[in-house]
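The residues making up each chain are set out below.
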Amino acid sequence: MGCGRVPSAVLVCLLLLRPLPSPACPPACRCALGEVNCSGHGLREVPQSLPTNTSSLWLGYNFIVMLGPHSFPPLPELLLLSLPHNRLKMIHSLALVGLRALQELDLSNNHLTVLTPETFLPLSSLTMLNLGDNRLEELEPEVLGALPQLQVLLLQNNPWVCSCSILPLWLWLSHNREKVQEKHSVFCRFPEHLDKYPIMAFGNDSFRHCQETSLSIQQYLIFLTIGPFSFMVSIFFCVFLGSITVAYHNLCREPHLCKRSPTRRGH
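Quick caveat, the model's predicted, so the values are computed rather than measured. (Residues numbered from 1 in each chain as written. Predicted model: local features only at pLDDT ≥ 70, side-chain atom pairs only at ≥ 80, totals over all residues. Heavy atoms only, no water.)

**Points about the nonpolar core**
One broad trend across soluble globular proteins is that nonpolar side chains are buried collectively. Here is the rule we go by: To qualify as a nonpolar core, a set must consist of buried Ala, Val, Leu, Ile, Met, Phe, Trp, Tyr and Cys residues joined through side-chain atoms within 4.5 Å. Buried, partly exposed and exposed residues are distinguished by accessible area as a fraction of the type maximum, computed with a 1.4 Å probe on protein chains only: under 20%, between the cut-offs, and over 50%, respectively. The helix and strand labels rest on DSSP assignments: H or I over at least four residues marks a helix, E over at least two residues marks a strand, and numbering proceeds from the N terminus. The contact criterion used throughout is that any non-hydrogen atoms of two residues lie within 4.5 Å.
Phe72, Leu81, Leu105, Leu107, Phe120, Leu129 and Ile199 are the most contacted members of the largest nonpolar core, which has 55 residues in total. With five residues, the single largest contributor to this core is helix α3 (residues 167-175). Ignoring sequence-local partners within four residues, the contact set of Phe72 consists of Val46, Gln48, Leu57, Leu59, Leu67, Leu81, Leu83, Ala95, Leu96, Val97 and Leu99.

Listed below in structure tokens is the structure:
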């Protein structure tokens, strides 16, 4: 009896120590050897029942409009995420949490207009980012600064607005030319006289007027506050002096109130 219990206990321990099975492949996807292909199936959101050993995830040519908080299940081995040709308009700052190992991210051919630095903070291992063919008019350099391992960046075919607001991005691009792919395809779209002008072709003199005249929001607020205040103080001071002058002349009309000192005569 006692000897027969030992194998049973060992079997129970082995069953408890055995790793939990990965979720089955989603119905709209094809899974093989860590690669999950869900392209072109009319998906409107990211499937949640993805195998935990997924290393490549293809989600292109679907109808995904938004990546909300925690859009992806924990995928500690995911290296490549491909989302081109969707309808992405927004990526929540917590959308990519849990993808710390990700190295390649393709967001091309979407409808993105704004990206915040928090969006890519979880992607400390990212080496390639494709933002081409979106609707980006400007891009804060902090968005790219959140990617310490970035080696390849694609920005072509966006409607970049080449005003003073693009100066910070131009400075980042100028210091990271080796990372920018298709750099001759990163064109200005606005203003019209700079349409199809390569952003990387600008020189230091191109933004000199921006550096000399640009003011911070705080400075504008100070000017807007001090200007009207100074104007009102000036009016009040002028009115005050005028009132004193008029009152003085009115007093001098009365001889007994405004006596003049006698004129000194010579000896």
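**With respect to the state of the cysteines**
Note the following rule: Only a pair of cysteine sulfur atoms within 2.5 Å qualifies as a disulfide here.
In the structure shown here, the tally under the stated rule is four disulfides. The partner cysteine of Cys29 in its disulfide is Cys38, sulfur to sulfur 1.9 Å. Judged by the sign of its S-S torsion, about 105°, the cystine formed by Cys29 and Cys38 is right-handed. The exposure classification of Cys29 matches that of Cys38, with both residues buried. Covalent S-S linkage joins Cys162 and Cys188, the inter-sulfur distance amounting to 1.9 Å. Between Cys162 and Cys188 the sulfur-sulfur dihedral comes to about -95°; the bridge is accordingly left-handed. Of this pair, Cys162 sits in the loop between β10 (160-161) and α3 while Cys188 sits in strand β12 (residues 188-190), placing them 26 residues apart in sequence. Using a relative accessible area of 9% as the deciding quantity, one classes Cys162 as buried.

**Notes on the pattern of salt bridges**
The line we're drawing: We define a salt bridge as a contact between a side-chain nitrogen of Lys or Arg and a carboxyl oxygen of Asp or Glu at a distance within 4 Å.
Under the defined criterion, the tally for this structure stands at one salt bridge. For Arg208, the salt bridge is made with Asp205, and the minimal N-O distance between the two is 2.6 Å.

**With respect to the confidence of the model for the protein chain**
For clarity, the cut-off: Confidence scores here are pLDDT values: one per residue, from the predictor, ranging 0 to 100.
Here the protein chain averages 84 in pLDDT, while 76% of its residues score no lower than 70. In the predicted structure, residues 10-21 sits below a pLDDT of 50 and forms zero contacts with residues beyond four places in sequence or in another chain.

**Thoughts on a nonpolar patch on the surface**
Selection criterion: Like charges are joined within 9 Å and nonpolar side chains (Val, Leu, Ile, Met, Phe, Trp, Tyr) within 5 Å, but only among residues with over 30% relative accessible area and no salt bridge; these make up the patches. Each accessible area is a Shrake-Rupley result for a 1.4 Å probe, and residues are judged covered by the shown protein chains and nothing else.
A cluster of nonpolar residues, Phe237, Phe240, Leu241 and Ile244, forms a patch on the protein surface that exposes about 390 Å² of accessible area. Within the element layout of this structure, Phe237 appears in helix α5 (residues 217-252).

**A short note on the packing of aromatic side chains**
Geometry of an aromatic ring pair is reported as the spacing of the ring centres plus the angle between the planes. We apply this condition: The aromatic pairing rule takes the rings of Phe, Tyr and Trp, using the six-membered ring of Trp, and pairs them if the centres are within 6.5 Å, calling planes under 30 degrees apart stacked, those over 60 edge-to-face and the rest tilted.
Counted according to the given criterion, the structure contains three aromatic pairs. Here Trp170 and Phe207 contribute two aromatic rings whose centre-to-centre distance is 5.0 Å and whose plane-to-plane angle is 40°, an arrangement assigned as tilted. Remark: Phe207 occurs in the loop between β12 and α4 (208-213) and Trp170 occurs in helix α3; sequence separation between them is 37 residues. Owing to a relative accessible area of 5%, Trp170 belongs among the buried residues under this scheme. With relative accessibility at 5%, the residue Phe207 sits in the buried group. An aromatic cluster of at least three residues, connected via ring pairs, comprises Trp170, Tyr197, Phe202 and Phe207.

**Focus: a negative patch on the surface**
As a reminder, the rule being used: Counted as positive: Lys and Arg. Counted as negative: Asp and Glu. His and the chain ends are not counted at all. To locate a charge, the coordinates of NZ of Lys, CZ of Arg, CG of Asp or CD of Glu are taken.
On the surface, a cluster of negative charge is contributed by Glu118, Glu137, Glu138, Glu140 and Glu142. Along the chain, the position of Glu138 falls in the loop between β8 (128-130) and α2 (141-145).

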